[in-house]
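Here are the chains, one letter per residue:
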Amino acid sequence: MNYNQGSYKAQFQLDIPPSPSGLAKEHCRANREQIEKIQRHRDEQVRIEFPTANGTTSTIYTVTTFHNDDADLVFLGGKIQNQLRNCQLSNTDTCEGEVKAQVTIEGLDDDKEAEKRGEFIEHSSHDDQNHSLVVIAPHGGEIEP
């Protein structure tokens, strides 16, 4: 499966105070048609990006519910509440950015380049580590590929 299906322009709004459906801080609510156009579905992850005074903020959210409001509107849980307040507002006084199907950047293997781009890299160094340690980190959204 190709994990680089596309993106769409969006307007972001915090779900604060939380709506009756109670979005968790790392969850978002989006328009079903828009999410399916980029080949994502409920309980899968998307990358949220928007401009701030210091560059671009990007984060990962899990789409947990859908709405029938404006197709480009995305309600975000409070995970990035402070960063969203620093969003450079558009002409319509909304925080505009992109919802992307591609969650991670492929082929990035330089720590300095990753830091410059606001990304991170996980390194495995099993040769000089404890050989009896097992790390289990389950999470949804098919981020593993």
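Residues numbered from 1 in each chain as written. Predicted model: local features only at pLDDT ≥ 70, side-chain atom pairs only at ≥ 80, totals over all residues. Heavy atoms only, no water.

A. Spatial organisation of the environment of T104. Secondary-structure assignment places T104 in the loop between β6 (95–100) and α3 (111–116). For T104, a relative accessible area of 36% translates into the label partly exposed. Placed 58 residues apart in sequence, T104 and V46 show a C-alpha to C-alpha distance of 9.5 Å. (Helix = DSSP H or I, 4+ residues; strand = E, 2+ residues; numbered from the N terminus. Buried < 20%, exposed > 50% of the residue type's maximum accessible area, 1.4 Å probe, protein only.)

B. Summary view of the nonpolar core. Ranked by size, the top nonpolar core spans 21 residues in total, and within it F12, V74, L76 and V99 carry the most contacts. For this core, the secondary structure elements donating two or more residues are β1 (7–14), β2 (27–31), β3 (45–52), β4 (55–67), β5 (73–76) and β6. Those residues in contact with V99 that lie beyond four places of it in its chain are G6, S7, Y8, A10, F12, I35, I38, V46, R47, I48 and V74. (Core = buried A, V, L, I, M, F, W, Y, C linked by side-chain atoms within 4.5 Å. Contact = heavy atoms within 4.5 Å.)

C. The pattern of salt bridges, seen in detail. As enumerated under the stated definition, the model contains five salt bridges in all. Salt-bridge contacts for R29 lead to D15; the nearest nitrogen and oxygen are separated by 3.9 Å. You can see R29 sitting in strand β2 and its partner D15 sitting in the loop between β1 and β2, a full 14 residues away along the chain. Each member of the pair, R29 together with D15, is buried. For R32, the salt bridge is made with E36, and the minimal N-O distance between the two is 4.0 Å. With a gap of four residues between them, R32 and E36 both fall in helix α1 (residues 32–37), about one helical turn apart. Judged by its relative accessible area of 45%, R32 is partly exposed. Residues joined by salt bridges that share partners form a network here, namely R47, E49 and K100. (Salt bridge = Lys/Arg side-chain N within 4 Å of Asp/Glu carboxyl O.)

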